Amino acid sequence: MNTIPVNGARNGAVACPWPDDADIHVPYQVFLDPALYAQEQERIFRGPIWSYVALEAEVPNPQDFKATFIGDTPIVVTRAKDGALHAFINRCAHRGSLVCREPRGNRATQVCVYHQWSYDLAGNLIGVPFRKGVGGAPGYPDDFQPAQHSLRKLRVATYKGLIFASFDATVEPLDDYLGPQMRATLDEVFTRPIRVLGNGRQFIRANWKLYAENVRDPYHASLLHLFHATFGTYRSSQGGGMAMDAKGRHGALHAYRRSDAEERTAYKEAEIRSYQEKYSLADPSLLQGRPEFPGLMIQTIFPSLVVQQIQNTLAVRHIIPRGLDQFELIFTFFGYADDDAEMLAIRRKQANLVGPAGLISMEDGHAAELVQQAIIRDQQRASLVAMGGRGIGGEDSLVSETAIRGFWRYYRELMGIPAPTTKEQTWTRENYVSQ
C-alpha cells in the first residue's frame, strides 16, 4: 500500500495518519508512536470507559486485596470490612511510592514502606508518622488535613462477579457500557458462583493493541493454531458467528461443531497448513470433558478484557500495557463453586490448552511480536482488515474482521482521531448502504 497522507486531529489529539477508507485500514503508527501511547493512557484507560480489574472471587473476604493495573497505572482493589468493594491508585500521596507491593493478600491497612503512611481499605489516609514532630522539631503544619491526602479513588461496579473500575466520574452505567448482547453472553458463562483455580502470566514484546486485534479475529485461529484445526476444538468451517454491542467496541465469538467430515472438507480443499490429519493425541483424555456448553466462546470487552470458554476450561484474560512495545497477559482460570472433584480435574487439565505454553494459544504472543518486528520502520503504511467487507456489526460467519473494525472505530472516537472517509457506511446483512 502507498504512503498515507497525515490528516488533522481534533480536541488536542495527536495527529495520526489514517487512510481514506478508514474502517478497513489500520496505520502502523498506532503501534509505534509514543505520543499516541501516552494519549491512550489518558483518553482510553483514564477516559469514559470501564476497565476490568478483578473477579469478585479473587477478593471474597473482608480485607482481601488485589494489586493490578488499568492501562499502565497501578491500582489496588479491596473488599472492606462491610463487604463493599473499593479501588484506588497504588501511589502514596506523600512521595509517590507504590503502597501495595504484593499481588494479593488480606490486610486491614495498606502501608507505604518508604515513610510508613498508612491507608484504610477505602484508600483514606489514617496514619502519618511524626505528624506532630519529634524531639521538639516541628512536624507537619497545623493546616495539614489527612482527608485531603487520600489515595485517588476510582468508581467501582460489578457484573456477574466481574469487577470493573473507572477514572471517569461521568462514565455511563456499567450495564449500559456492556450492552444487552454482551450481558447475555456473560450470563451464559457466569451462571452461578465461581472459584479461582489459578493464574498464568505471559510477557509479550509487542504493542497491546496487536493482541486486542488478535482476540477479535475469529478466522486466524484455525489458520495459525495447528491444534485447533487438527483436533477440531475450533475451525473456521464450524457454525457460529460474531455478536457485537451497538457501538462495535465489544464482541462475542460463538462457534458450534458440525460433523468432522463437513469441517475437514474445507481445509482439505484449500490445503490449509494448520490441518494435519496424520497427528493424534498421546493423551486423548485432554479433550474428554463433559457436555456443558454448546460450543466455544471468546468474548472481548473494550479495552482489555477477554472471557474464554474453550471445551470445559474457563478463564478471563487481562491485557496490561507495559510500555509502547510490550504488554503482559494475565490468565485467571476458574470453575464453579459447586464443581465436583471430577469436573475440577477436567478444568485443570484443559487449562493446558491456553496460557503462555497452551497447546492452542502459544502462537498468539509470537504472532503479535512478528508484526511488531516487521512494521518498525513503516509508520506511514497500514494493514488491511477487509475480510467480510467494510461493515461493523454482527456476523453469521467465522471468517470476518468485523470486530477488529469495531475496535478501531471506537478507538478513533475516544482518541479524537478523525476518519477522513468519503462515505459513512452502515452494515446490513444484505449489503452496504451509504447514509
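Scroll up to find the structure this text is about.
Residues numbered from 1 in each chain as written. Predicted model: local features only at pLDDT ≥ 70, side-chain atom pairs only at ≥ 80, totals over all residues. Heavy atoms only, no water.

A tally of regular secondary structure across the protein gives nine helices and 21 strands. For the protein, buried positions account for 52% of its 435 residues. For the protein, long-range pairs separated by at least 24 residues make up 65% of all intrachain contacts whose partners lie at least 6 apart in sequence. (Helix = DSSP H or I, 4+ residues; strand = E, 2+ residues; numbered from the N terminus. Buried < 20%, exposed > 50% of the residue type's maximum accessible area, 1.4 Å probe, protein only. Contact = heavy atoms within 4.5 Å.)

Sheet topology note: the strand E13 (residues 239–244)/strand E14 (residues 251–256) ladder contains six bridges and is antiparallel. Counted as the bridge partner of Gly-239 is Tyr-256 from E14. In sequence, E13 turns back onto E14 through a hairpin of six residues, with Gly-248 there showing a positive phi of about 80°. (Pairing = 2+ DSSP bridges.)

Below, the discussion takes up the pattern of salt bridges. Taken as a whole and assessed by the stated rule, the structure comprises 19 salt bridges. Of the charged contacts, one joins Arg-249 and Asp-245 as a salt bridge, the two residues approaching to 3.1 Å between their closest N and O atoms. The network of salt bridges with shared partners includes Asp-23, Arg-409 and Arg-412. (Salt bridge = Lys/Arg side-chain N within 4 Å of Asp/Glu carboxyl O.)

This paragraph deals with helix H2 (residues 174–189). Between its terminal C-alpha atoms H2 stretches only 18 Å, short of the 22 Å expected from 16 residues at 1.5 Å a residue. Largest kink in H2: about 85°, centred on Pro-180. Burial in H2 covers these residues: Leu-174, Tyr-177, Leu-178, Gly-179, Met-182, Thr-185, Leu-186 and Val-189. (Expected span 1.5 Å × (residues − 1). Bend = angle between axes of the 7 residues up to and from the residue.)

What follows is about the side chain of Arg-405. Secondary-structure assignment places Arg-405 in helix H9 (residues 402–415). The side chain of Arg-405 sits in the buried core without any salt bridge; Glu-401 is the nearest counter-charge, 4.7 Å away. A distance of 3.0 Å separates the side chain of Arg-405 from the backbone oxygen of Gly-389, its partner in a polar contact. Those residues within four positions of Arg-405 in sequence are excluded, and the remaining contacts are Asp-23, Ile-24, Val-385, Ala-386, Met-387, Gly-388, Gly-389, Arg-390, Gly-391, Ile-392 and Ser-400. (Lys, Arg positive; Asp, Glu negative; His and termini not counted. Polar contact = N/O pair within 3.5 Å; in protein donor to acceptor, adjacent residues only side chain to side chain.)

Note the cis peptide between Phe-302 and Pro-303, where omega equals 5°. Assignment of secondary structure puts Pro-303 in the loop between strand E15 (296–301) and strand E16 (305–310). Unusually for a residue other than glycine, Gln-116 sits at a positive phi of about 65°. Structurally, the position occupied by Gln-116 is in the loop between strand E7 (110–111) and strand E8 (118–119). Notably, Phe-130 is not glycine yet its phi reads approximately 55°, a positive angle. Among the secondary structure elements, Phe-130 is positioned in the loop between strand E9 (125–127) and strand E10 (155–159).

Our next topic: the side chain of Ser-166. Among the secondary structure elements, Ser-166 is positioned in strand E11 (residues 162–166). Among the polar contacts listed, one links the side chain of Ser-166 to the backbone oxygen of Ile-49, at a separation of 2.9 Å. Excluding residues that lie within four positions of it along the chain, Ser-166 makes contacts with Gly-47, Ile-49, Trp-50, Leu-154, Arg-155 and Val-171.

One can describe the packing of helix H1 (residues 34–45) onto H9 by two numbers: an axis separation of 9 Å at closest approach and a directional angle of 85°. Classified by the angle between their axes, H1 and H9 sit roughly perpendicular to one another. For the pair H1 and H9, the contacting residues are Leu-36, Gln-39, Glu-40, Arg-43 and Ile-44 in the first and Tyr-411, Leu-414 and Met-415 in the second. Residues of the contact of H1 with H9, tallied by class, amount to five nonpolar, one polar and two charged. (Axes fitted to C-alpha atoms, helices over the stretch in contact; angles between N-to-C directions. Parallel < 35°, antiparallel > 145°, perpendicular 65-115°, else oblique. Nonpolar A, V, L, I, M, F, W, Y, C, P; charged D, E, K, R; others polar.)

Before going further, it helps to spend a moment on the packing of aromatic side chains. Scanning all chains against the criterion turns up 16 aromatic pairs. Three or more aromatic residues joined by ring pairs make a cluster, and in this case those are Trp-18, Phe-31, Phe-45, Trp-208, Phe-302, Phe-407, Trp-408, Tyr-410 and Tyr-411. Here Arg-192 stacks its cationic end above the ring of Tyr-336, 3.9 Å away from the centre of that ring. Above the face of the Phe-69 ring, Arg-322 is positioned so that its terminal group lies 4.1 Å from the ring centre. (Phe/Tyr/Trp six-rings, centres within 6.5 Å; stacked < 30°, edge-to-face > 60°. Lys NZ or Arg CZ within 6 Å of the ring centre and 35° of its normal.)

Time to look at the sheet that holds E7. Strand order in the open sheet made by the three strands is E7-E8-E9, with antiparallel pairing throughout. Sheet topology places E7 and E9 at the edges, where each strand pairs with a single neighbour. The pairing of E8 with E9 spans two bridges and is antiparallel. The residue bridging Ser-118 from the neighbouring strand is Gly-127, located in E9.

Right, let's get into H1. Residues separated by three or four positions in an α-helix point in the same direction, a consequence of the helix having 3.6 residues per turn. The first and last C-alpha atoms of H1 sit 16 Å apart over twelve residues, in line with the 16 Å expected at 1.5 Å per residue. Those residues of H1 not exposed but buried are Leu-36, Tyr-37, Gln-39, Glu-40, Gln-41, Arg-43, Ile-44 and Phe-45. Buried residues along H1 sit in contact with strand E2 (51–55), strand E3 (64–70), helix H3 (208–214), strand E17 (313–321) and H9. For H1, the side-chain oxygen to backbone nitrogen distance between the N-cap and Ala-35 is 2.8 Å, and the N-cap itself is Asp-33.

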